[in-house]
Amino acid sequence: MNESIPFNRPYMTGKELYYIAEAHFSGMLAGDGPFTKRCHSWLEQRTGCTKALLTHSCTAALEMAALLLDIEPGDEIIMPSYTFVSTANAFVLRGGVPVFVDVREDTLNLDERLVEAAITPRTRAIAAVHYAGVSCEMDTIMAISKRHELRVVEDAAQGVMATYRGRALGGIGDFGAYSFHETKNVISGEGGALLVNDASLAERAEIIREKGTDRSRFFRGQIDKYTWQEVGSSMLPGELTAAFLWAQLEEAARITQTRLRSWALYNEMLARFESSGLLRRPVVPEECSHNAHMYYVLLAPEIDRHAVLSELRSQGIGCVFHYVPLHTSPAGLRYGRFADELPVTDRQSARLIRLPLWMGITEAQQQRVVDSLTHAASKLASQAAGIR
Ligand SMILES: *Cc1c(COP(=O)(O)O)cnc(C)c1O
């Protein structure tokens, strides 16, 4: 029996415990201590944002964006249905209405050509989700937002270290949200960051994150007491989390390079199966430089994905499908608005399989994944042909 190949294996650089020990012995355990400040500067330098603020999750960063935009009941936010629930939840919590628009056939990102038709007098924002760390067509999305005076929130949960025309994802719209969840490239267990690109909202972002108080200004000595300024919450992680994250950010470039090599290897190994029509590989537009967050394939439509996945699972190979489109989910139906069908979302999401990709996966393991996947897919393709 071959050893199993997990879908994900969190990578640790080796320095996490040293930095946690440093925070431990310094006695500074609450948020916004020295490690948090280091992470903030790193993010600001790396992305060019006005202000970076660590949060306890990307979900929290998206919720902060919805608060900063003063989303009110009935306000509409254009977003893909093919995304994680947090993209929608953050706005629904404020009474906002997600308006689900179809995705592009190639990148599975929000189809920028369909955005304008979905705009109504209630539209306030566009949530651009960069799937698999491959950017949405941001020039077009930003131009539409300018024309219609809409805000743009980038759900760049998967986009740390990825760029669009040389600009960091998360640093292009009004806000960007990063995730450092264990399943992402750069991690702190649970964790995230809000990138604020609109300087006029930077101070309010600090206030909302600190329970609605101006405590950050107080600690900088700018005021002599801090008070309740507006609606807020506690969105910041403690220093132990920031210490862990710092060890990861220091190595973010190496992590990305290593992942990109594994990604490229899959892409090379699978080329001939794309040529033979068994599957389709990911498409990365020229203006996007991605971060190898994910390697996925789209099986030929006649292949029974469920059967392929069970076959792989029985061999101990951790391949998995991804989002159940939000417009088909109970909460999506209750809170969202959309055309009856989002044909590309429906079709592509039903064909997609993600392959194991993590720091340390070996060429031999990748070969085994590819062999098992293509073997199972070919078998099911000929069965489908037989039935027909
Ligand atoms: C992971 C992810 C999130 C949520 O991140 P958390 O840090 O777990 O809150 C949100 N959106 C997308 C697209 C994601 O992939």
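See the structure shown above.
Description of the site of the ligand
Of all residues adjacent to the ligand, which total 13 residues, the nearest are Thr 59, Asp 155, Gln 158, Ser 179 and Lys 184. At 2.8 Å, a side-chain N or O of Gln 158 approaches an oxygen atom of the ligand. The separation between an oxygen atom of the ligand and a polar side-chain atom of Ser 179 is 2.7 Å. Considered on its own, the ligand offers 380 Å² of accessible surface; in the complex 92% of this is hidden by protein. Class assignment for the residues of the shell around the ligand results in five nonpolar, six polar and two charged.

Focus on the side chain of Thr 256
Residue position: Thr 256 is located in helix 9 (residues 252-269). Taking the relative accessible area as the measure of exposure, Thr 256 reaches 6% and is therefore buried. Sequence-distant contacts of Thr 256, defined by excluding residues within four places in its chain, comprise Met 161 and Asn 291.

Re the packing of helix 1 (residues 16-26) against helix 8 (residues 239-250)
Across the interface, helix 1 lies against helix 8 with an axial gap of 8 Å and an inter-helix angle of 145 degrees. Here helix 1 runs over helix 8; the crossing is right-handed. Mapping the contact onto sequence places Glu 16, Tyr 19, Ile 20, Ala 23 and His 24 in helix 1 and Leu 240, Ala 243, Phe 244, Trp 246, Ala 247, Gln 248 and Glu 250 in helix 8.

What counts and how
- Residues numbered from 1 in each chain as written.
- Predicted model: local features only at pLDDT ≥ 70, side-chain atom pairs only at ≥ 80, totals over all residues.
- Heavy atoms only, no water.
- Near = heavy atom within 4 Å.
- Polar contact = N/O pair within 3.5 Å; in protein donor to acceptor, adjacent residues only side chain to side chain.
- Areas by Shrake-Rupley, 256 points an atom, 1.4 Å probe, with all protein chains shown as cover.
- Nonpolar A, V, L, I, M, F, W, Y, C, P; charged D, E, K, R; others polar.
- Helix = DSSP H or I, 4+ residues; strand = E, 2+ residues; numbered from the N terminus.
- Buried < 20%, exposed > 50% of the residue type's maximum accessible area, 1.4 Å probe, protein only.
- Contact = heavy atoms within 4.5 Å.
- Axes fitted to C-alpha atoms, helices over the stretch in contact; angles between N-to-C directions.
- Left-handed = near helix turned anticlockwise from the far one by under 90°.

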